[in-house]
Amino acid sequence: MITLENISKTYSAAGGTVEALKNVSLEIGQGEFFALAGASGSGKTTLMNILGCLDRPDSGRYLFRGRDVSKLSSAGLASIRRAHIGFVFQTFNLLSRLSALENVELPLVYNGVPPSVRRELARRALRLVGLEDRAAHRPCQLSGGQQQRAAFARAIVTSPKLLLADEPTANLDRASSGEILKLLASFHQRGGTVILVTHDAQAAGLAQKVFAIEDGILAAR
Ligand SMILES: Nc1ncnc2c1ncn2[C@@H]1O[C@H](COP(=O)(O)OP(=O)(O)OP(=O)(O)O)[C@@H](O)[C@H]1O
Ligand SMILES: [Mg+2]
């Protein structure tokens, strides 16, 4: 499903340049659960941004479902994201003015799904994460764990093939973390491909492949 060949990414900032990824090559099959570990600043989010078509590499090739996406325009990347990829972030990233249900509906709005259909799909996704009774709540009226479950519902409401989760349990207590890991595992069991950034050994234990990144260099663990 995913092939990276010699991907490099350098950032330029006021203090100079940072080589965030150095010749990263990687293969992830459809239905695989892939975990990525590494110290702060090692390049994990940079790699996730490229895998999720949020950013482009400076050099190298990225084949996503057989297609080279490394040189696509921003609009081209956005259409791949909308069609195939769901995201869960460390900080939930729900829109504060929208209800849980409206947040979950949002990716369907971008995909042009008619209102009655998207409402039903969003309700179904909220049910899947056990939040149907909180549909009308704003993010500030939800606990952290509930916010992340709503964010998970938003990530899967479009039935993506690929789910990217960048430290999704870092801001959660043990019980809430366990619920999120269960949701990731069940997405995987239904045939989905998961890429998870985590420091948590229990989370990495779900994965079939665990890689570590150090100063932009990727290695199997
Ligand atoms: N937009 C940017 N401009 C300049 N440098 C950046 C930018 N984003 C990241 N970097 C640098 O690139 C390197 C990798 O950053 P990245 O965010 O990928 O690390 P990370 O492994 O996700 O860290 P953390 O565990 O703290 O989230 C770091 O040295 C960081 O300072
Ligand atoms: Mg990061």
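Here's a quick rundown of the structure. Every value quoted in this text rests on a predicted model; they were computed, and no experiment measured them. (Residues numbered from 1 in each chain as written. Chains lettered and ligands numbered in written order. Predicted model: local features only at pLDDT ≥ 70, side-chain atom pairs only at ≥ 80, totals over all residues. Heavy atoms only, no water.)

### Structural notes on the environment of N103
Counted only if it meets this: Numbering of helices and strands runs from the N terminus; a helix is a DSSP stretch of H or I covering at least four residues, while a strand is a stretch of E covering at least two. Buried, partly exposed and exposed residues are distinguished by accessible area as a fraction of the type maximum, computed with a 1.4 Å probe on protein chains only: under 20%, between the cut-offs, and over 50%, respectively. Whenever two N or O atoms come within 3.5 Å, that pair is a polar contact, provided that in protein one can donate a hydrogen and the other can accept it, and provided that, for residues adjacent in sequence, both atoms are side-chain atoms.
Along the chain, N103 falls in helix α3 (residues 100–110). Residue N103 is classed as buried on the basis of its relative accessible area, which comes to 0%. Between the C-alpha atoms of N103 and A135, which are 32 residues apart in sequence, the distance is 9.5 Å. Within the structure, the side chain of N103 is placed 2.7 Å from the backbone nitrogen of L95, a separation counted as a polar contact.

### Remarks on the pattern of salt bridges
Put simply, the rule is: Salt bridge criterion: a side-chain nitrogen from Lys or Arg within 4 Å of a carboxyl oxygen from Asp or Glu.
Tallied over the entire structure, the rule returns 7 salt bridges. For K209, the salt bridge is made with E32, and the minimal N-O distance between the two is 3.4 Å. Here E32 lies in the loop between β2 (16–28) and β3 (33–37) and K209 lies in strand β9 (residues 209–214), a separation of 177 residues in the sequence. Among the charged side chains, a salt-bridge network with shared partners connects E105, R118 and R119.

### Some thoughts on helix α6 (residues 174–189)
To be explicit about the condition: Expected helix span is taken as 1.5 Å per residue step, with the number of steps being one fewer than the number of residues. By the convention used here, residues are in contact when the closest approach between their heavy atoms is within 4.5 Å.
When the terminal C-alpha atoms of α6 are compared, their 22 Å separation across 16 residues agrees well with the 22 Å that a helix rising 1.5 Å per residue should span. Within the span of α6, buried status applies to S176, S177, I180, L181, L183, L184, A185, F187 and H188. Where α6 is buried, its residues contact β3, α4 (115–128), α5 (144–156), β7 (162–166), β8 (193–197) and α7 (201–204). Where α6 begins, one side-chain oxygen reaches toward the backbone nitrogen of A175, 3.2 Å away; that side chain belongs to D173. G191 occupies a position one or two residues after α6 and carries a positive phi of about 105°.

### Some remarks on the packing of aromatic side chains
Heads up, the condition is: The aromatic pairing rule takes the rings of Phe, Tyr and Trp, using the six-membered ring of Trp, and pairs them if the centres are within 6.5 Å, calling planes under 30 degrees apart stacked, those over 60 edge-to-face and the rest tilted.
For the structure shown, the criterion picks out 3 aromatic pairs. With a centroid separation of 5.9 Å and an interplanar angle of 5°, the aromatic rings of F87 and F89 are classed as stacked.

### A look at the layout of surface pockets
What counts here: For each structure, a 1 Å grid was placed over the protein atoms alone; sets of points admitting a 1.4 Å probe that cannot get out are labelled cavities, open sets with protein on both sides within 12 Å along at least five of seven lines are labelled pockets, and lining residues have an atom within 4 Å of a point. Grid points are joined across faces, edges and corners, and a volume is the space filled by probe spheres set on the points. Residues are sorted three ways: Asp, Glu, Lys and Arg are charged, Ala, Val, Leu, Ile, Met, Phe, Trp, Tyr, Cys and Pro are nonpolar, and all the rest, Gly among them, are polar.
Approximately 430 Å³ is the volume found for the largest pocket. Taken together, 16 residues form the lining of the largest pocket, with I85, F87, P107, Y110 and R154 sitting closest to its centre. At the level of secondary structure, the elements contributing two or more residues to the lining of the largest pocket comprise α2 (74–84), β6 (85–88), α3 and α5. Tallied by class, residues from the lining of the largest pocket come to 9 nonpolar, 4 polar and 3 charged. Approximately 330 Å³ is the volume found for the second largest pocket. I156, T158, S159, P160 and R190 are, among the 17 residues lining the second largest pocket, the residues nearest its centre. Among the elements that line the lining of the second largest pocket, the one with the most residues is α4, at 4 residues. Across the lining of the second largest pocket, the residue classes break down as 8 nonpolar, 6 polar and 3 charged.

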